[in-house]
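What follows is the residue order along each chain.
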Amino acid sequence: LAASLVAGAAAPAYKCKSSRIAELPVWIQGGRPVAEGSVNGQKVGVLLDTGAKLSLIHRSAVERLGLIPFDLPGYRVFGIGGESGAHAVHIDEFKFGQAVRKGWRVLVSGEGTRASDVAVYLGYDFFQNVDVEFDLPYGAVRLYQAADCENVSLAYWTTEPPGQVAIESDSRLEVTVQIN
């Protein structure tokens, strides 16, 4: 990977290290990328929602997985159906490919039963410390951990210089792209 980095970047490319920490098979369900994961050893569908600020677990999955929700005093959840108190669960072990998170407190959301097998919605709070590559035509999502790569392009698939995106202080990232 280091050999394919774009020359002329401000940081020396030899210092940049990008390690693949997970590669997961992914499929499209309802127009959204879904992968397999597990909660406390039980398989679940995981929707990759990098546009969401927080990760969630669906209320029907909480019951099915035998998790015990607890109140989050002072927090409220607002949705199309109205407003309710916020709840969370404690997950002893969440596995997503080779990534493992232990002792994870996750918000509970949703009402009623789900027709799909998606139980967990992974948001920015999960993805914030990794680089994510969506290779949807080949049914894969790859997670990378980069170190000392400031101002170095990690776009190994192109020889063109990287573009720049201004990032606002909030954690939402919107980019206009052109395909073909």
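Thresholds, definitions, all that
- Residues numbered from 1 in each chain as written.
- Predicted model: local features only at pLDDT ≥ 70, side-chain atom pairs only at ≥ 80, totals over all residues.
- Heavy atoms only, no water.
- Helix = DSSP H or I, 4+ residues; strand = E, 2+ residues; numbered from the N terminus.
- Buried < 20%, exposed > 50% of the residue type's maximum accessible area, 1.4 Å probe, protein only.
- Contact = heavy atoms within 4.5 Å.
- Areas by Shrake-Rupley, 256 points an atom, 1.4 Å probe, with all protein chains shown as cover.
- Disulfide = S-S within 2.5 Å.
- Salt bridge = Lys/Arg side-chain N within 4 Å of Asp/Glu carboxyl O.
- Core = buried A, V, L, I, M, F, W, Y, C linked by side-chain atoms within 4.5 Å.

Caption draft 1: Fine view of the overall build of the protein. Within the protein, the regular secondary structure consists of two helices and 10 strands. Out of the 180 residues belonging to the protein, those deemed buried represent 32%. Long-range contacts, defined here as pairs at least 24 residues apart, represent 59% of the contacts in the protein between residues at least 6 apart. With an accessible surface of roughly 11,800 Å², the protein has 51% of that area assigned to carbon and sulfur atoms.

Caption draft 2: Fine view of the state of the cysteines. Under the criterion given, the structure shown has one disulfide. One disulfide bridge connects Cys16 with Cys149, the sulfur atoms lying 2.0 Å from each other. Because the torsion about its S-S bond is 90°, the bridge between Cys16 and Cys149 counts as right-handed. Residue Cys16 is located in the segment before strand 1 (17–29), and its partner Cys149 is located in the segment after strand 10 (140–147); the two are separated by 133 residues in the primary sequence. Judged by its relative accessible area of 4%, Cys16 is buried. Residue classification places Cys149 among the buried residues on the basis of a relative accessible area of 10%.

Caption draft 3: Fine view of the pattern of salt bridges. For the structure shown, the criterion picks out seven salt bridges. Among the ionic pairs, Glu36 bridges to Lys43, the shortest N-O distance being 4.0 Å. For Glu93, the salt bridge goes to Lys95, with nearest N and O atoms at 4.0 Å. We classify Lys95 as partly exposed; its relative accessible area is 35%. If you follow the salt bridges from partner to partner, you end up with Arg20, Glu23, Glu133, Asp135 and Arg142 in one network.

Caption draft 4: Region of interest: unusual backbone geometry. A positive phi angle, close to 50°, is found at Asn40, a residue other than glycine. Under the relative-accessibility criterion, Asn40 is labelled partly exposed at 31%. At Asp148, a residue that is not glycine, the phi angle is positive and equals roughly 60°. Summarising the element assignment, Asp148 is placed in the segment after strand 10. Judged by its relative accessible area of 43%, Asp148 is partly exposed.

Caption draft 5: Spotlight on the nonpolar core. Ile57, Ile91, Phe94, Phe96, Val120 and Leu122 are the most contacted members of the largest nonpolar core, which totals 28 residues. If one sorts the elements of this core by residue count, strand 6 (residues 82–96) sits on top with four residues. When residues no more than four places from it in sequence are discounted, the contact partners of Ile57 are Val62, Leu65, Leu67, Val89, Ile91, Val106, Leu107, Val108, Ser109, Ala119 and Val120.

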